[in-house]
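Chains, contacts and geometry: an overview
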Amino acid sequence: MSDDKDPFNEEKNRFIGRELSRVSHTVHRMVISSKGHRLLDQKLGKTNGWVIGYLAHSKGDVYQKDIEKEFSIRKSSISKMLSNMEEQGLIVRQSVEGDARLKKLVLTDAALELHEIAEEDMLAQERALQEGIDPDDLEVFLKVLRKVGENAEKETIREGDKK
């Protein structure tokens, strides 16, 4: 087969999924090798860290359904995760005036301290990832990346409908 017809000839063809996977693994290795990540991973776990970050930066009350939507995680998985976070003393669920069934999620002081460590580490990593990238190029990259994500999500839903 000639190089022109070979879909796996990297010089002639670009596969988004393949490149995303390669970059994702490289970034993942960078993240897990950081001192801050290792410390936090022992105390939090990856998903708990992202949830703590989301809660720390939210401008208003946050509820379980907000976490489900933000992270595209099923209700049962989020429910179990939040219960574990509550047991670990990272969050408390507070009743909302007017609806005793509705509980907002609030970070504890311990979670806020861990968040500060995580954020410093994450910002250092983000600076390293963005080094040498023109801000305009970064905006285009992020726009395209979001569109790729939307396309993948649509295809996942479409394929799920076939089952």
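Residues numbered from 1 in each chain as written. Predicted model: local features only at pLDDT ≥ 70, side-chain atom pairs only at ≥ 80, totals over all residues. Heavy atoms only, no water.

Section: the environment of His-57
By the element assignment, His-57 lies in helix α3 (residues 46-57). Of the residues examined, His-57 reaches a relative accessible area of 46% and is grouped as partly exposed. (Helix = DSSP H or I, 4+ residues; strand = E, 2+ residues; numbered from the N terminus. Buried < 20%, exposed > 50% of the residue type's maximum accessible area, 1.4 Å probe, protein only.)

What to know about the packing of aromatic side chains
In total, this model carries one aromatic pair according to the counting rule given. Where Tyr-54 meets Phe-71, the ring centres are 5.8 Å apart and the plane angle is 80°; that geometry is what we call edge-to-face. In this pair, Tyr-54 sits in helix α3 while Phe-71 sits in helix α4 (residues 64-71), placing the two residues 17 residues apart along the sequence. (Phe/Tyr/Trp six-rings, centres within 6.5 Å; stacked < 30°, edge-to-face > 60°.)

Comments concerning the nonpolar core
The biggest cluster of nonpolar side chains holds 17 residues, and the ones touching the most others in it are Leu-55, Leu-82 and Met-85. Residue assignment for this core shows that the elements contributing at least two residues are α3, α5 (75-87), β2 (99-107) and α6 (109-130). Ranked by residue count, the leading element in this core is α5, at four residues. Residues contacting Met-85, with those up to four places away along its chain left out, are Asn-48, Val-51, Ile-52, Leu-90 and Ile-91. (Core = buried A, V, L, I, M, F, W, Y, C linked by side-chain atoms within 4.5 Å. Contact = heavy atoms within 4.5 Å.)

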